[in-house]
Amino acid sequence: MKTQTGNTVTIEYDDSIVRLFLLASLITSVVAMLVGVIISSQLHTWQMNGLGTAGLEWITFGRLRPLHTNAAIFAFVGNMMFAGVYYSTQRLCKARMANDVLSRINFWGWQTVILGAIITLPLGLTRGKEYAELIWPINILVVLVWVVFAVNFFWTLHKRNEPHLYVALWFYIATIITVAMLYIVNHLSLPTSLTHSYPIFGGVQDALVQWWYGHNAVAFFLTTPILGIMYYFMPKAAGRPVYSYRLSIIHFWALVFIYIWAGPHHLLNTALPQWLQMLGMLFSLMLWAPSWGGMLNGLLTLRGAWDKLRTDPVIKFFAAGVTFYGMATFEGPLMAIRSVNEISHYTDWTIGHVHSGTLGWNGFMAAGMFYWMAPRLWGKKDGSPSKLWSTAMANTHFWLGTVGILLYIGSMWASGILQALMLSATNEAGTQLKYTDFLETVQSILPMLWFRTAGGLLYLTGFILCAINIFMTIKNGKAVNGTKEVVLPEADEMDTKAGWKAVFRNDPVTYSFWVIVFLTLWIFLPSYADVAALAIALGLAAQACWLFKKRHQEWSNLYETLEKNWVPFTLLVVVAAGLGGAIQIIPTVLANKGATVEERVQKLYTPLELAGRDIYITEGCYNCHSQMIRTLETDVRRYGDWSRIGESIYNHPFQWGSKRTGPDLAREGGLRPDKWHYDHMLDPRAISEGSIMPAYPWLLKKETDIDALPSKIGALRDLGVPYPALNKHEILDSAQHQALKIAKGLVASNITLPEDLDESFTAGSISENELVQKLAQREIIALIAYLQKIGAHIDLEVDESAAPKLLNPDTKQQPRVANQ
Amino acid sequence: MTDPRTNKDINKGPVLREHTFDGIEEYDQKLPNWWLFTFYIAIVLYIVYWLLMYSTGLIKPDSQVIDEHMAKIEQVQKAELEAMLANLDDQTLITWSQNGGILAEGEEIYKANCLACHGAGLEGGIGRPLNADKLHYGNKPMELFNIVLNGSPADAVGYNGQKMQAWKQLGPDKVAKVVAFVASKNDNIKE
């Protein structure tokens, strides 16, 4: 694919892989958004969960919501990101991708993952962790495909004909490295069967790891690659130089280092140790400026090209996309303030926030990129760029999308804030909640939920227009591969060996390293020693600033050297992105275990309850119900005493939840009669008039998979849950015994059986005893057993005289008050 | 402003860097001051807040804050209940059960919270029938009041094994009103 004459070569870029990813992204965008509109409609019209039937298990909100999020993130943005990376990397490296076969494995492997998700998620095969629902065999495939992508990318960097790495490539490097790290750690699981596994972390550990992953999936899957794409396509489309090189350096490294620490802001006011909450909040605030650095470098690049905003849909989408990025990254730190989070967490505000990022930033950057690329990838017969089929249609897409986003986020602000205020409102004397029934608050936000669906529908329509526009452009054009005549660089310009030493043994790296070491010691060292560590860190920082002023040129040259050496550059990214997670997760894993928790420890689930818990996870109940009473008046008044760390310590995966579409369930166990749950699961509206929860009639038809229990309990034992050694018979006997007891109670209280149940089952045709026997095998019984166990715990004695612990900075504070 | 193409001094204005990438040019220019200060302020805030939290003891841990706060609320609730109980007896509840305004309120509370288990006509279901001649926990209004407020006694076996939850979160006033409503529907509930 390259012809050489002297020291110049003509390179033909592999643009067919870009075309594949672009088409895949367009198709999956429509799928992801369509599922989004469907699940949005399910929230105001519960009948959409069954499409007219009493209930259809594959399409309930709990099963489709993971499909929507996974499709939007990994299918739509994933494919778009690959298209952008493959297109720009080749041009920025002046080299064809290193290996065409690896590129194809990347493409088809990724589409296989997407197909796997579309099949498994509606079937209820899930790991029960948000954006990490896919089952373990698919996880392995994802990792393999990602490694193929990484090898292909870094190999291309190695073979590049351009000594300098442009800023877009820095962002791609950070993406590849960090996503691999996050994905692998958060997907570590112990399989119990081909389709089921338990995450190796439990309770608070799992919560921390999950949101380290969840938050940074936003950072390194939805943000950094798109920033790289912005840095390539925006100046190209505007024909203007990038606003500031040094701003790109500062905001890149600040973003990569700081982002990782902010994960705990998803767990504010929960049972997560307070020092982690503080880090989550404060690092989120520090993240504001670095995020806006990216926005500034994007928007200010348009200086001198603002006139194009009126005529060129590409610039319109980019400018609006970057503006939404700025809005979302301002809103994010705001929501990470613990008192604001009291309102935004568990309500629609968070949903609105994430959609201003995904619809505004990701969706609009994708659209801009598609419109820019399509006429170039499918050009005229002579190979020059063709024209977009219809500019008017692209403009219509822009306005439909913008109005759609504003409707979406506006209604979610209104809904989230209204519901939070209603939930915390009390009577005048302050003695009781004003709205004791959670459902009242749900009823009052229903109009906003309709507006959200309308907004989503507009946005989806816009993307359908985009797809039509691109397909027509393709039809009128011819697939063209870009070519480039490249002057080969001299060998000594490339990846110089001298770079290694220069890169690691120099002032900026040395000072950064020691400042971070001492700041870390400040967190963990005992009182007084910690302040000394802070003083040293600040002293070193001041010295570094002084040196920077003095040796400004030298430091600049160093960075230029770093830019020319991709291996040391990548290693520095590994360190910068790895630190925050390591400093938060390692102490938590070591210090917060079932064996060391204080105050309370969870009672272990019986085998039947465990089976019920897996049904709870399969049905995706965690998508709407939290199990975490925050240390906030509004939560304690409504749900009872705040949740302690030990109460969920053996939960693999944790079930703290992230949204309360329904009420919290942390103290649900034992609160209501079994029959209440039975009636409620079969027809929520028979119990709670106006409820928006789907009905779950199949729970009465499907049998509980108790045969899987021995291997599940064995796996949990291996993970450190202190189950006694039970043999298979003991486990099955226990499950059957408990199930019979619950079934007997239900039959005694005259339950009604749905008419469409299998014939042999209807009351009257079989004896009461037979009915109990049959009922006991059904999933509903196991689920009730689990629901009645949630929150069960043992009180422990509190050792008030305990000395501060190194790995738990909270012990530096005054001793915790004992549980009254 | 100097021409970025010839300018070499960043203090005088933007410098256009020599290097281009696939035709993309880059300016080098100073970082906006407001941007820098936003960053600095956030860093200072981090240090100050952390010191307040872990070195001065000026900020109490969450667990202590919430426990103290809820203890205060519980005191007010307790006082309210005591004040209410001082004036509440079977006679009052029976009088209330003939008061149209209270009954309308009581009916709403019943529908929202009780109907699911005790039925639209008090005929029972998950929970016991409330239209019976003889109520399980006694026919006096105050006996009913206590059961609703505190739930089934701890040692109760329940109705077909199903026990009632406590309805403290409604507050004594609403509980009294709903009892008045039930009493108005069942003549056997009397002093």
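Predicted, not measured: the structure shown is a model, and the values here were computed from it. The residue numbers shown here count from 1 along each chain, following its written sequence. Chain letters start at A and ligand numbers start at 1, both assigned in the order the entries are written. Owing to the predicted nature of the model, reporting of local features is limited to residues with pLDDT of at least 70; listing and counting of side-chain atom pairs is limited to 80 or more, with chain, interface and lining totals taken over all residues. Only heavy atoms go into the side-chain values, all of them from the structure, while hydrogens and water stay out.

### Concerning the overall build of chain A
Working step 1: Each helix corresponds to a stretch of at least 4 residues labelled H or I by DSSP, and each strand to a stretch of at least 2 residues labelled E; elements are numbered beginning at the N terminus. The secondary structure content of chain A amounts to 28 helices and 9 strands.
Working step 2: For chain A, the C-alpha radius of gyration of 28 Å lies close to 28 Å, the compact-globule estimate for 820 residues.
Working step 3: A principal-axis box enclosing the C-alpha atoms of chain A has dimensions of 90 × 70 × 60 Å.
Working step 4: Between buried and exposed lies partly exposed: a residue is buried under 20% and exposed over 50% of the maximum accessible area for its type, with that area taken using a 1.4 Å probe on protein chains only. Across the 820 residues of chain A, 62% fall into the buried class.
Working step 5: Summed over all atoms, the accessible surface of chain A reaches about 29600 Å², with 65% contributed by carbon and sulfur. Our radius of gyration looks at C-alpha atoms and nothing else; its globule reference is 2.2 Å times the residue count to the power 0.38. In this description, accessible areas are obtained by the Shrake-Rupley approach with a 1.4 Å probe, and a residue is regarded as covered only by the protein chains that are shown.

### Here we look at a nonpolar patch on the surface
Working step 1: Patch membership requires over 30% relative accessible area and the absence of a salt bridge. Like charges are linked within 9 Å, and nonpolar side chains (Val, Leu, Ile, Met, Phe, Trp, Tyr) within 5 Å. One speaks of a salt bridge when a side-chain nitrogen belonging to Lys or Arg is within 4 Å of a carboxyl oxygen belonging to Asp or Glu. On the surface, a nonpolar cluster with roughly 330 Å² of combined accessible area is contributed by Ile27, Val31, Ile118 and Phe471 of chain A.
Working step 2: Mapped onto the secondary structure, Ile27 of chain A falls in helix α1 (residues 16-44).

### Quick look at the side chain of Thr28 of chain A
All names here are of chain A.
Working step 1: Residue placement: Thr28 occurs in helix α1.
Working step 2: Classification of Thr28 by relative accessible area gives buried; the value is 10%.
Working step 3: Any two residues having at least one pair of non-hydrogen atoms within 4.5 Å are treated as being in contact. Residues within four places of Thr28 in sequence aside, it is in contact with Ala75, Phe76, Asn79 and Ile114.

### Topic: the packing of aromatic side chains
One pair of aromatic rings is described through two measures. These are the centre distance and the angle between the planes.
All names here are of chain A.
Working step 1: Pairing of aromatic side chains requires ring centres within 6.5 Å, counting the rings of Phe and Tyr and the six-membered ring of Trp. Pairs whose planes differ by under 30 degrees are stacked, by over 60 edge-to-face, and all others tilted. Scanning the model with the defined rule gives 66 aromatic pairs over all chains in all.
Working step 2: Arranged with centres 5.3 Å apart and planes meeting at 70 degrees, the rings of Trp146 and Phe149 form a pair that is edge-to-face. Linking Trp146 with Phe149, this pair stays in helix α4 (residues 136-158), spanning 3 residues, or about one helical turn.
Working step 3: Using a relative accessible area of 5% as the deciding quantity, one classes Trp146 as buried.
Working step 4: Classification of Phe149 by relative accessible area gives buried; the value is 2%.

### A closer look at the interface of chain A and chain B
Many authors give the size of an interface as the accessible area that is lost as the parts come together.
Working step 1: The interface of chain A with chain B comprises 83 residues on the first partner and 60 residues on the second.
Working step 2: Buried area: the accessible surface (1.4 Å probe) lost by two parts on joining, summed over both. For the pair chain A and chain B, the summed buried area comes to about 6500 Å², and 63% of that belongs to carbon and sulfur atoms.
Working step 3: It is Tyr245, Arg246 and Trp522 of chain A in chain A that bury the most area against chain B; as a group they hold 9% of the surface buried on that side.
Working step 4: Under the rule applied, a polar contact is a pair of N or O atoms within 3.5 Å (in protein, one hydrogen donor and one hydrogen acceptor; residues adjacent in sequence only if both atoms are side-chain atoms). The tally of links from chain A across to chain B stands at 23 residue pairs in polar contact (both at pLDDT 80 or more).
Working step 5: Sort the elements by how many residues they give to the side of chain A that touches chain B and helix α9 (residues 274-299) of chain A lands first, with 16 residues.
Working step 6: Of the residues belonging to the side of chain A that touches chain B, the class tally is 44 nonpolar, 18 polar and 21 charged. Following the grouping adopted for this structure description, the nonpolar residues are Ala, Val, Leu, Ile, Met, Phe, Trp, Tyr, Cys and Pro, the charged ones are Asp, Glu, Lys and Arg, and the polar ones are all others, Gly among them.

### Some thoughts on the pattern of salt bridges
Working step 1: Scanning the entire structure with this criterion turns up 37 salt bridges over all chains.
Working step 2: One salt bridge in this structure joins Arg104 of chain A and Asp14 of chain A, with 2.7 Å as the shortest N-O distance. Of this pair, Arg104 of chain A sits in helix α3 (residues 100-120) while Asp14 of chain A sits in the loop between β2 (8-12) and α1, placing them 90 residues apart in sequence.
Working step 3: Residues Arg17 of chain B and Glu26 of chain B are paired through a salt bridge, measuring 3.9 Å at the closest nitrogen-oxygen approach.
Working step 4: By relative accessible area, which is 16% here, Arg17 of chain B ends up buried.
Working step 5: Connected through salt bridges with shared partners, the residues Glu599, Arg600, Asp641, Arg644, Glu647, Arg667 and Asp795 of chain A form a single ionic network.

### What to know about the UniProt feature "domain: Cytochrome c" (unreviewed entry) in chain B
Working step 1: UniProt positions are given in the numbering used here, feature names are shortened, and annotations may be inferred rather than shown by experiment. Under the UniProt annotation, the feature "domain: Cytochrome c" (unreviewed entry) is placed at residues 101-186 of chain B.
Working step 2: The span residues 101-186 of chain B is 49% helical and 0% strand by assignment, and the distance between its end C-alpha atoms comes to 18 Å.

### Notes on the UniProt feature "binding site: heme b 2; high-spin" (unreviewed entry) in chain A
Residue and element names in this part refer to chain A.
Working step 1: Here, UniProt's "binding site: heme b 2; high-spin" (unreviewed entry) annotation points to His353.
Working step 2: Within the secondary structure layout, His353 lies in helix α13 (residues 348-377).
Working step 3: With sequence-adjacent residues up to four places away left out, His353 is seen in contact with Ala328, Glu331, Gly332 and Met335.

### Focus on the nonpolar core
Working step 1: Of all hydrophobic cores here, the largest spans 277 residues; its most connected members are Trp253 and Phe370 of chain A together with Tyr46 and Trp50 of chain B.
Working step 2: To form a nonpolar core, buried Ala, Val, Leu, Ile, Met, Phe, Trp, Tyr and Cys residues must be joined to one another through side-chain atoms within 4.5 Å. One finds Phe145, Leu149, Val178 and Ala180 of chain B within the second-largest nonpolar core, a separate group that totals 28 residues.

### Some details on the side chain of Gln419 of chain A
Residue and element names in this part refer to chain A.
Working step 1: Here Gln419 shows up in helix α14 (residues 391-424).
Working step 2: When its relative accessible area of 2% is taken as the criterion, Gln419 is described as buried.
Working step 3: If we skip the residues at most four places from it in the chain, Gln419 touches Phe438, Thr441, Val442, Ile445 and Arg660.

### A closer look at the confidence of the model for chain B
Working step 1: A score between 0 and 100, pLDDT records how confident the predictor is in each residue. Here chain B shows a mean pLDDT of 91. Residues at 70 or above account for 99%.
Working step 2: The complex model carries a pTM of 0.95, and its ipTM stands at 0.92.

### Quick word on the packing of helix α25 (residues 709-718) of chain A against helix α26 (residues 728-748) of chain A
Residue and element names in this part refer to chain A.
Working step 1: Simply put, an axis is a line fit to the C-alpha atoms, just over the touching stretch for a helix, and the angle between two N-to-C directions goes from 0 to 180 degrees. Contact geometry for α25 and α26: axes closest at 9 Å, N-to-C directions at 110 degrees. Between α25 and α26, the crossing angle belongs to the class labelled roughly perpendicular. Residues Leu709, Pro710 and Ile713 of α25 lie in contact with α26, whose contacting residues are Lys728, Ile731, Leu732 and Ala735.
Working step 2: A class-by-class count of the residues in the contact of α25 with α26 yields 6 nonpolar, no polar and 1 charged. To sort the angles, those under 35 degrees are grouped as roughly parallel, those over 145 as roughly antiparallel, those from 65 to 115 as roughly perpendicular, and the leftovers as oblique.

### Structural notes on helix α7 (residues 171-185) of chain B
Residue and element names in this part refer to chain B.
Working step 1: The terminal C-alpha atoms of α7, which comprises 15 residues, lie 22 Å apart, in line with the 21 Å expected from a rise of 1.5 Å per residue.
Working step 2: α7 sits mainly inside the fold: 11 of its 15 residues count as buried.
Working step 3: Buried within α7 we find Gly171, Pro172, Val175, Ala176, Lys177, Val178, Val179, Ala180, Phe181, Val182 and Ala183.
Working step 4: In this structure, the buried residues of α7 make contact with α2 (62-87), α3 (90-96), α4 (100-113) and α6 (141-150). For a helix, the expected span equals 1.5 Å multiplied by the residue count minus one.

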